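Coordinates in review
Listed here are the chains, written in short residue letters.
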Amino acid sequence: MDYNPQEIEKKWQERWEKLGLYQATDFDKKPKQYILVEFPYPSGDGLHVGHARSYSALDTIARKRRMQGYDVLFPIGYDAFGLPTENYAIKTGIHPIEVTKKNTVIFREQLKSLGLSFDWSREINTTDPSYYKWTQWIFLQFFKKGLAYQQEMPINWCPSCKIGLANEEVVNGKCERCGAQTEKRNKKQWLLKITAYADRLIDDLKLVDFPERIKNQQINWIGKSEGTNIKFKIGNNDLEVFTTRIDTIFGVTALVLAPEHELVQTQKLNIKNWDEVEDYINKSKQKSEIERMDFAKEKTGVELKGVYAINPLNDEKIPIWIGDYVIATYGGGAVMVVPAHDERDYEFAKKYGIEIREVIRPGEKVPTLRQQSEVRDSDIRQERIVGAYIEYGKLVNSGEFNGLDSEKAIKKITKWLEKKKLGKKQINYHLRDWVFTRQHYWGEPIPIVHCEKCGVVPVNEKDLPVELPYVEKYEPTETGESPLSMINEWVNVKCPKCGGRAKRETDTMPNWAGSNWYFLRYCDPNNDKELADMKKLKYWMPVDLYNGGMEHVTLHLLYSRFVYKFLYDIGVVPEPEPYKRRCAHGMVLASDGQKMSKSRGNVINPDEIIKKYGADTVRLYEMFMGPYEDAIAWSTESLEGCARFLRKIWNIYDNTEKIDKETTKELIQKLHYTVKKVSDDIDNMKFNTVISSMMEFINTWNEKNNVLSRKDAEYFLKILAPLAPHITEELWETLGNKKSIFETEWPKYDEKLIKKDKIDLIVQINGKVRDKINVNVDISEKEAKELVLSSDKIKSWLNNQELKKIIFVKGKLINIVI
RNA sequence: GGGCGAGUGGCGGAAUGGUAUACGCACAACACUUAAAAUGUUGCGGGCUUUGCCCAUGAGGGUUCGACUCCCUCCUCGCCCACCA
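Small disclaimer: the values here were computed from a predicted structure and weren't measured. (Residues numbered from 1 in each chain as written. Chains lettered and ligands numbered in written order. Predicted model: local features only at pLDDT ≥ 70, side-chain atom pairs only at ≥ 80, totals over all residues. Heavy atoms only, no water.)

1. Points about the overall build of chain A
Using the following cut-off: Segments assigned H or I by DSSP are reported as helices when at least four residues long, segments assigned E as strands when at least two residues long, and all are numbered from the N terminus. For every residue, the accessible area (1.4 Å probe, protein chains only) is compared with the maximum for its type, and the residue is labelled buried under 20%, exposed over 50%, or partly exposed between those bounds. We call two residues in contact when some of their heavy atoms are within 4.5 Å. Values of accessible area rely on a 1.4 Å probe in the Shrake-Rupley scheme; residue burial ignores everything except the protein chains shown. Under the convention used here, Asp and Glu are negative, Lys and Arg are positive, and both His and the chain ends fall outside the count. Taken as the charge location is NZ of Lys, CZ of Arg, CG of Asp or CD of Glu.
Check the secondary structure of chain A and you find 28 helices and 31 strands. Projecting the C-alpha coordinates of chain A onto the three principal axes gives extents of approximately 100 × 90 × 50 Å. Within the span of chain A, comprising 818 residues, buried residues form 54% of the whole. In chain A, of all internal contacts separated by at least 6 residues, the share reaching a separation of at least 24 is 72%. Of the accessible surface of chain A, which amounts to about 38700 Å², a share of 49% is contributed by carbon and sulfur atoms. Charged side chains of chain A number 125 positive and 121 negative; the gap between the two group centres comes to 3 Å.

2. Description of the protein's contact with RNA strand B
What counts here: Definition of nearness: a residue and a molecule or strand are near each other if at least one heavy atom of the residue lies within 4 Å of the molecule or strand. In protein, a polar contact means a hydrogen-donor-capable atom and an acceptor-capable atom, both N or O and within 3.5 Å, with residues adjacent in sequence counting only if both atoms are side-chain atoms; elsewhere, any N or O pair within 3.5 Å suffices. In this classification, Asp, Glu, Lys and Arg are treated as charged, Ala, Val, Leu, Ile, Met, Phe, Trp, Tyr, Cys and Pro as nonpolar, and every other residue, Gly included, as polar.
Within the structure, RNA strand B sits among 51 residues, and Thr 243, Arg 344, His 430, Met 625 and Asn 815 are positioned closest to it. Across the atoms of RNA strand B situated within 4 Å of the protein, the share located in sugar and phosphate is 63%. Contact between RNA strand B and Ile 327: a base nitrogen at 3.1 Å from a main-chain N or O atom of the residue. In the environment of RNA strand B, a phosphate oxygen lies 3.0 Å from a nitrogen or oxygen atom belonging to the side chain of Arg 647. Going through the elements one at a time, helix 7 (212-222), strand 11 (237-243), helix 21 (636-654), helix 23 (687-702), strand 28 (758-765), strand 29 (768-776), strand 30 (805-809) and strand 31 (813-817) are the ones with two or more residues in the surface near RNA strand B. Considered class by class, the residues forming the surface near RNA strand B number 21 nonpolar, 15 polar and 15 charged.

3. Notes on the pattern of salt bridges
The test is simple: Here a salt bridge means any side-chain nitrogen of Lys or Arg lying within 4 Å of a carboxyl oxygen belonging to Asp or Glu.
Overall, the coordinates contain 42 salt bridges when judged by the stated rule. Between Arg 344 and Asp 342 there is a salt bridge, with the nearest N and O atoms lying 3.1 Å from each other. One network of salt bridges, in which partners are shared, links Asp 26, Asp 119, Arg 122, Asp 524 and Lys 536.

4. Some thoughts on the nonpolar core
If you look at soluble globular proteins, the nonpolar side chains tend to sit buried side by side. Stated formally: Here, nonpolar core refers to any group of buried Ala, Val, Leu, Ile, Met, Phe, Trp, Tyr and Cys residues whose side-chain atoms link them within 4.5 Å.
One finds Tyr 34, Phe 519 and Leu 520 to be the most contacted residues of the largest nonpolar core, which totals 87 residues. Here this core gets nine residues from one element, more than from any other, and that element is helix 5 (residues 129-144). In contact with Tyr 34, other than residues within four places in its own chain, are Leu 73, Pro 75, Phe 519, Tyr 522, Cys 523, Trp 540, Met 541, Pro 542, Val 543, Asp 544 and Leu 545. With 86 residues, the next largest nonpolar core counts Phe 645, Ile 649, Ile 698 and Leu 708 among its residues.

5. Concerning the packing of aromatic side chains
Applied cut-off: Whether two aromatic rings pair depends on their centres lying within 6.5 Å, for rings of Phe, Tyr and Trp, where Trp uses its six-membered ring; planes under 30 degrees apart make the pair stacked, over 60 edge-to-face, and the rest tilted.
In the structure shown here, the tally under the stated rule is 41 aromatic pairs. An angle of 15° between the planes, with centres 4.0 Å apart, marks the rings of Phe 142 and Phe 566 as stacked. Of this pair, Phe 142 sits in helix 5 while Phe 566 is found in helix 18 (residues 556-569), placing the two residues 424 residues apart along the sequence. The same class applies to Phe 142 and to Phe 566, which are both buried. Measuring from ring centre to ring centre gives 6.3 Å for Phe 242 and Tyr 330, while their planes differ by 90°; the resulting arrangement is edge-to-face. Note that Phe 242 is positioned in strand 11 and Tyr 330 in the loop between strand 14 (317-322) and strand 15 (334-337), a separation of 88 residues in sequence. Judged by relative accessible area, which is 10%, Phe 242 ranks as buried. In this structure Tyr 330 comes out as partly exposed when scored by relative accessible area, which is 21%.

6. Here we look at the state of the cysteines
This is how it is decided: Our working definition of a disulfide is a cysteine sulfur pair at a distance within 2.5 Å.
In total, this model carries zero disulfides according to the counting rule given. Not part of a disulfide, Cys 523 finds its nearest cysteine sulfur in Cys 583, a span of 18 Å.

7. Some remarks on the pairing of strand 23 (residues 501-504)
Defined as follows: Whether two strands pair comes down to DSSP finding at least two bridges between them.
Here strand 20 (residues 448-451) pairs with strand 23 via three bridges, running antiparallel. Paired with Val 449 across the bridge in strand 23 is Arg 504. Looking at chain direction, strand 22 (residues 492-494) and strand 23 are connected through three bridges and run antiparallel. Within strand 23, the position partnered with Asn 492 by the bridge is Lys 503. In this structure, the hairpin formed by strand 22 and strand 23 is closed by a connection of six residues, where Gly 499 is found at a positive phi of approximately 80°.

8. Thoughts on the sheet that holds strand 19 (residues 434-435)
Taking strand neighbours across the sheet as the criterion, the four strands line up as 6-5-9-19 in an open arrangement whose pairing is antiparallel. Looking at strand neighbours, the two that pair on one side only are strand 6 (163-165) and strand 19, the edges of this open sheet. As paired elements, strand 5 (residues 148-158) and strand 6 share three bridges and run antiparallel to each other. In the strand pairing of strand 6, Cys 158 is matched with Ile 163.

9. Concerning the environment of Leu 395
For Leu 395, the location among the structural elements is in strand 17 (residues 394-395). A relative accessible area of 2% places Leu 395 in the buried class. Along the chain, Leu 395 and Val 817 lie 422 residues apart, while their C-alpha atoms are 55 Å from each other. Apart from the residues within four sequence positions on either side, Leu 395 is in contact with Asp 247, Val 359, Ile 360, Phe 401, Asn 402, Gly 403, Leu 404, Asp 405, Ser 406, Ala 409 and Ile 413.

10. Quick word on empty space enclosed by the protein
Note the cut-off: Think of a 1 Å grid over just the protein atoms. A cavity is a set of points where a 1.4 Å probe fits yet cannot get out, a pocket is an open set with protein on both sides within 12 Å along at least five of seven lines, and lining residues have an atom within 4 Å of a point. Grid points are joined across faces, edges and corners, and a volume is the space filled by probe spheres set on the points.
In this structure the tally under the stated criterion is four cavities of 30 Å³ or more. Taken as a whole, the second largest cavity encloses approximately 70 Å³ of empty space. As for the second largest cavity, its lining consists of Thr 135, Ile 138, Phe 139, Phe 142, Leu 192, Phe 436, Met 509, Ala 513, Asn 516, Trp 517 and Val 563. No other element matches helix 5, which puts four residues into the lining of the second largest cavity. Residues that form the lining of the second largest cavity fall into these classes: nine nonpolar, two polar and no charged.

11. As for the pairing of strand 29
Bridge analysis of strand 28 against strand 29 gives eight bridges, and the strand direction is antiparallel. Bridging from a neighbouring strand, Leu 761 pairs with Ile 773 of strand 29.

12. Topic: helix 5
Rule in force here: A helix is expected to span 1.5 Å multiplied by its residue count minus one.
With 16 residues, helix 5 should cover 22 Å at 1.5 Å per step; its first-to-last C-alpha distance of 22 Å lies within 8% of that length. With 13 of 16 residues buried, helix 5 is to be regarded as a mostly interior element. Gly 146 lies just past helix 5 and shows a positive phi near 75°.

13. Some thoughts on the environment of Ile 222
Take Ile 222: it is sitting in helix 7. When its relative accessible area of 0% is taken as the criterion, Ile 222 is described as buried. A sequence separation of 336 residues divides Ile 222 from Leu 558, and the C-alpha atoms of the two residues are 9.5 Å apart. The residues touching Ile 222, leaving out its near neighbours within four places in the chain, are Ala 198, Leu 201, Ile 202, Tyr 429, His 430, Leu 431 and Leu 558.

14. A word on the sheet that holds strand 28
Convention followed: For helices, the fitted axis covers only the stretch in contact; all axes are lines through C-alpha atoms, and the angles between them, taken along N-to-C directions, range from 0 to 180 degrees.
A sheet is described by the order of its strands in space; here four strands give the open sequence 29-28-31-30, paired in mixed fashion. A single partner strand is all that each edge strand has here, and the edge strands are strand 29 and strand 30. Sheet twist, expressed as the average angle between the axes of neighbouring strands with direction ignored, equals 20°. Pairing analysis gives four bridges linking strand 28 to strand 31, with the strands arranged parallel. Bridge pairing in strand 31 links Val 763 to Ile 814.

15. Remarks on the side chain of Asn 706
Residue position: Asn 706 is located in the loop between helix 23 and helix 24 (710-720). A residue is classified by how much of its surface remains accessible, and Asn 706, at 5% relative accessible area, is buried. Within the structure, the side chain of Asn 706 is placed 2.9 Å from the backbone oxygen of Thr 700, a separation counted as a polar contact. With residues near it in sequence (within four places) discarded, Asn 706 still touches Lys 658, Thr 664, Glu 666, Leu 667, Thr 700 and Trp 701.

16. Some points on the confidence of the model for chain A
This is how the line gets drawn: What pLDDT expresses is the predictor's confidence in each residue, scored from 0 to 100.
Averaged over every residue, the pLDDT of chain A is 89; the share at 70 or more is 94%. Note on the complex model: pTM 0.91, ipTM 0.94.

Structure, rendered in structure tokens:
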């Protein structure tokens with residue numbers, strides 16, 4: 001019989017579903033394992049071959065764990081609120097609800113056609129009111145704890161999408177979705193206070209097993225920096241400046257304020273060159289964000305003539321400048337200029353003729369490698385003259401602090417300032433609070449009411465969910481208000497507190513809202529009393545393995561950790577971190593090495609490939625194509641190789657000559673080795689070598705007169721099963737088995753059988769391979785030496801030269817040094 | 001500018017201190033075939049004076065009996081962040 005994947009795949013998918021083989025059991029006796037993939041956004045484009053790659057990988061792990069005796073939760077759902085659906089709906093006139101329904105059906109079918117072992121009974125959808133009821137409930141808890149607040153603030157506005165964007169959605173000043181240039185607009189926004197959790201989000205990375213690069217990215221994104229806030233007097237006003245290098249305070253020769261800084265206006269009357277200053281302020285206001293960034297290399301500024309600040313440490317008069325390279329929203333919008341010890345300050349000082357005063361010298365203790373090389377290159381003085389010396393060192397020209405090391409000086413000077421109430425220790429973060437509103441239709445309504453008397457009032461929890469009304473028009477409005485504001489009968493409500501006239505909040509939540517906590521809902525998807533039962537959460541959480549893309553590391557992955565920590569604080573979830581281990585897949589690129597996109601016309605449609613080759617081949621190829629974490633270009637030619645491999649397996653099991661014999665000795669060894677290799681490599685997510693080792697096994701089985709016993713033939717099917725579930729299930733049945741292969745135990749290997757008794761001992765002379773001799777594996781050093789030195793081949797190489805040393809590595813090699 | 005990572009055949013890659021190029025693709029020859037596809041067999045880094053030897057893992061240096069692997073310098077590419085004081 002020929003291998004016909006289309007037929008057998010359909011058969012087994014139906015049978016698995018009937019058996020309910022992949023349903024997770026709450027409170028099972030077996031140890032639990034929660035394996036999670038980021039749920040897809042059901043876009044109109046359908047499933048991407050990239051989805052297929054990461055889902056197949058985690059499916060492989062889930063299937064193996066089940067066979068290893070775990071109670072596995074491997075769920076799936078849809079993150080369906082969001083802009084593309086709304087934009088598509090506007091274009092076609094089909095309502096977002098309909099679009100979502102249609103796309104979800106397509107996605108579900110595609111996922112099923114891959115034979116993924118999801119527990120379909122727990123499927124969720126973020127646009128389902130019984131789901132977003134709890135998204136809204138979480139928002140109310142944030143509000144009650146004062147962590148959700150409103151603020152008038154400039155938002156990034158995309159004139160094309162007509163939507164406010166979070167900073168993270170603006171790339172180089174352009175809208176992440178449509179690429180249009182964004183503008184700034186002032187609008188009252190809801191924000192979530194993620195900054196209150198900044199420290200814990202850094203510290204608790206210790207508790208989890210994430211790849212280092214992911215931890216680093218999150219730490220950098222939060223951008224914690226410890227320093228000192230110091231007050232300079234300007235007339236009667238205080239100017240607070242943040243610095244991480246208070247040890248350089250005696251080298252301050254200027255201050256630079258952001259053009260927006262309030263003190264510029266306060267000091268207006270004292271500034272002698274006001275016209276020039278005002279001109280500069282206006283010009284920088286006109287510059288867009290991107291232009292201000294483009295000027296990064298050319299720093300500009302204007303001196304505020306006639307105004308001085310007083311350095312509290314030495315009462316020196318310091319000139320004040322404004323410059324638009326200073327960010328208004330960070331560190332108080334002011335910087336102190338220390339040209340001798342900061343590269344940017346040095347550049348600025350050189351340009352405008354500001355004094356450069358040395359206050360730090362390289363100390364005897366040389367802390368960094370960079371400095372070591374500089375010291376060895378001797379010309380320290382030259383270095384100081386040519387540029388800024390930015391390392392720590394010993395203080396000079398610093399009054400009573402002369403001679404101190406930078407580190408000590410920072411502590412001492414800060415203490416001195418604190419004592420005199422002129423400054424204090426300060427920690428700043430780059431992380432900003434999370435703008436949690438969108439002026440769009442297709443999102444979760446924010447459960448807040450604005451009352452004429454009571455002000456901002458939360459909707460009563462018993463009245464949740466605040467359902468998104470079904471409307472005909474969902475286009476964004478020119479005013480920037482949400483389309484919901486147009487629906488009077490929905491907007492006008494009674495105040496939950498006083499019963500008076502009130503209006504609903506018409507902004508909706510961002511597309512990240514529903515994905516912050518979805519993994520909790522899988523534990524208890526139908527609960528209408530709480531977002532999930534604590535007992536069930538205690539059983540399933542935390543997620544044991546969570547797979548997702550690198551592009552979500554600073555967005556979804558950080559946000560959801562924050563939300564989870566908050567839920568932990570209010571006693572809704574059992575521990576402080578949601579994900580025990582995180583892994584990231586590499587992208588699947590088009591065959592030209594570019595990102596797949598419709599406009600480039602290089603998209604591979606998984607449906608077509610599955611139809612032609614079968615799901616097992618697609619799965620196998622996507623695992624084989626390269627290291628799981630790396631981006632790899634698609635190659636249909638390479639995929640054919642995997643199809644060939646499966647056909648080879650089919651044929652060998654079809655050939656009665658090859659099975660039901662006594663397993664040949666070479667194959668016993670190879671089989672056990674392969675079982676070990678496959679077991680280990682699946683756990684380490686090295687799927688490409690899993691498959692190559694199985695290919696090697698099949699090659700050996702095929703060659704010569706190698707044969708397997710029925711039991712050993714079954715062994716091999718089991719280790720292939722998690723990767724190619726359909727073909728193995730079919731062959732398993734053909735061998736006469738009644739139970740599903742996935743209800744059987746994962747095979748164990750026997751170390752003793754893997755061990756070879758004879759090996760090729762490598763004989764090296766001066767590290768070069770000169771010979772291989774077949775010997776017993778446990779040959780002693782003495783025996784090996786005698787054997788090698790008596791061989792004619794080696795003798796001719798040695799040529800009677802003096803032996804200096806012999807290195808012997810047991811079971812591997814012997815190296816003769818002459 | 002900062003952080004992280006990578007550089008191995010025509011291509012995807014394997015080997016993380018001990019036989020470099022496993023496995024797969026592509027290619028070539030042969031077999032089967034009227035023919036093609038499929039399948040099978042063989043070959044496939046470069047060079048040479050070819051039972052064998054020399055060279056080669058971005059370049060150069062170092063550590064080591066031994067380096068793709070560890071260390072230093074440089075080059076190239078990718079990703080993320082970026083005037084953060």
